[in-house]
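Summary of the model geometry
Single-letter residue listing:
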Amino acid sequence: MNQPTQEQQQNESLTEPTTEDVAANPPADSDALQQEIADLKDQLLRAQADVQNMRRRCEEDVQKARKFGIESFAESMLAVVDSLEAGLSIQNATQEQLREGSETTLRQLLSALERNKVVVVAPEQGEKFDPNRHQAIAAQPAPAGVDIPPNSVVATLQKGYLIADRVLRPAMVMVTPS
């Protein structure tokens, strides 16, 4: 019933070509498009290879950091070991020499810990109790004649240690009752 007019037939011939049309009559710049597709595929493969290489290098770096991360700390401990060995090698050391050697070795150890960001936590009497850095062992009233506020440190029984603001060991303290 509805026959397309000649004008409609001409307009249909101006529409987008179908897949069959393109396959039968490829456009003139088909070679250029094929070359561009090949170039893009090559770029994609190279980018994927770069990402894989970067991922592998990062994994290797993490493994090396885990393996050798303690190296600087171990190096700083060597001086302490040397001092201890030297002190033990002296056969007839006096008590004064032993004390002096022990104090020197302790200073070396504390210096090595400090270089590796290990900080001593030694709260003073009267300092407010900090549950994040202190461990209360017992409650004890303040000594006679000393005014210490409630929930404050009376005495430090054992020093604590931090590494980069993370508690390695809390200081063990006695606190005033709250």
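It should be emphasised that the depicted structure is a prediction, and the values quoted were computed from it without experimental measurement.

Here we come to the overall build of the protein chain. A count of helical and extended segments in the protein chain gives five helices and six strands. Put simply, the protein chain runs from its N terminus to its C terminus through helices and strands in the order α-α-α-α-α-β-β-β-β-β-β. Considering only intrachain contacts with a sequence separation of at least 6, the fraction spanning at least 24 residues in the protein chain is 62%. Counting every atom, the protein chain has about 14600 Å² of accessible surface; 53% of that belongs to carbon and sulfur.

The next thing to look at is the sheet that holds strand β2 (residues 134-139). Adjacent strands of a sheet pair through backbone hydrogen bonds, lying either parallel or antiparallel. Strand order in the open sheet made by the three strands is β2-β6-β3, with mixed pairing throughout. Strands at the two margins of the open sheet, each flanked by one partner only, are β2 and β3 (153-158). Averaged over all pairs of adjacent strands, the angle between strand axes in this sheet comes to 35°, irrespective of strand direction. Bridge analysis of β2 against strand β6 (residues 171-175) gives five bridges, and the strand direction is parallel. Its bridge partner lying in β6, Ala 138 is registered against Met 174.

Moving on: the sheet that holds strand β5 (residues 166-169). Read across the sheet, three strands follow the order β1-β4-β5 without closing on themselves; strand pairing throughout is antiparallel. Where the open sheet ends on each side, the last strands, each with one partner, are β1 (118-121) and β5. When strand polarity is set aside, the average angle formed by the axes of neighbouring strands in this sheet is 35°. As defined by bridge partners, strand β4 (residues 160-163) adjoins β5 across three bridges and the pair is classed as antiparallel. Within β5, the residue paired with Leu 162 across the bridge is Val 167.

What follows covers unusual backbone geometry. The phi dihedral of Asn 151 falls on the positive side, at around 60°, and the residue is not glycine. In this structure, Asn 151 sits in the loop between β2 and β3. Although it is not a glycine, Asp 165 adopts a positive phi angle of roughly 65°. Tracing the backbone shows Asp 165 in the loop between β4 and β5.

By volume, the largest pocket is sized at about 260 Å³. Considering the residues around the largest pocket, the lining is formed by Ser 83, Leu 84, Gly 87, Leu 88, Ile 90, Ala 93, Gln 97, Leu 98, Gly 101, Ser 102, Thr 104 and Thr 105. Of all the secondary structure elements, the ones that give two or more residues to the lining of the largest pocket are α4 (71-89) and α5 (95-115). Broken down by element, the lining of the largest pocket gets its largest block of residues, six residues, from α5. Here the lining of the largest pocket is built from residues that sort into five nonpolar, seven polar and no charged.

Looking now at the packing of α4 against α5. Where α4 contacts α5, the axes come no closer than 9 Å and their chain directions differ by 180°. Here α5 runs roughly antiparallel to α4, going by the angle between their axes. Here Phe 73, Ser 76, Met 77, Ala 79, Val 80, Ser 83 and Leu 84 of α4 come into contact with α5, specifically with Thr 105, Gln 108, Leu 109, Ala 112, Leu 113 and Arg 115. The class makeup of the residues in the contact of α4 with α5 is eight nonpolar, four polar and one charged.

What counts and how
- Just so you know, the residues in each chain are numbered from 1, in the order the chain's sequence is written.
- In view of the model being predicted, local features appear only for residues whose pLDDT reaches at least 70, and side-chain atom pairs are presented and counted only at 80 or more, with totals across whole chains, interfaces and linings using the full set of residues.
- Think of the side-chain values as coming from all heavy atoms in the structure, minus any hydrogens and water.
- In DSSP terms, a helix is any run of H or I states spanning at least four residues, a strand is any run of E spanning at least two, and both are numbered starting from the N terminus.
- Any two residues having at least one pair of non-hydrogen atoms within 4.5 Å are treated as being in contact.
- Shrake-Rupley sampling with a 1.4 Å probe provides the accessible areas, and residues are treated as covered by the protein chains on show and by no other component.
- Here the rule is simple: two strands pair whenever DSSP picks up at least two bridges between them.
- Whenever a helix is involved, its axis is fitted only over the stretch in contact; in every case the axis is a line through C-alpha atoms, and angles between N-to-C directions fall within 0 to 180 degrees.
- Think of a 1 Å grid over just the protein atoms. A cavity is a set of points where a 1.4 Å probe fits yet cannot get out, a pocket is an open set with protein on both sides within 12 Å along at least five of seven lines, and lining residues have an atom within 4 Å of a point.
- Grid points are joined across faces, edges and corners, and a volume is the space filled by probe spheres set on the points.
- In this classification, Asp, Glu, Lys and Arg are treated as charged, Ala, Val, Leu, Ile, Met, Phe, Trp, Tyr, Cys and Pro as nonpolar, and every other residue, Gly included, as polar.
- Convention used here: angles under 35 degrees read as roughly parallel, angles over 145 as roughly antiparallel, angles from 65 to 115 as roughly perpendicular, and any remaining angle as oblique.

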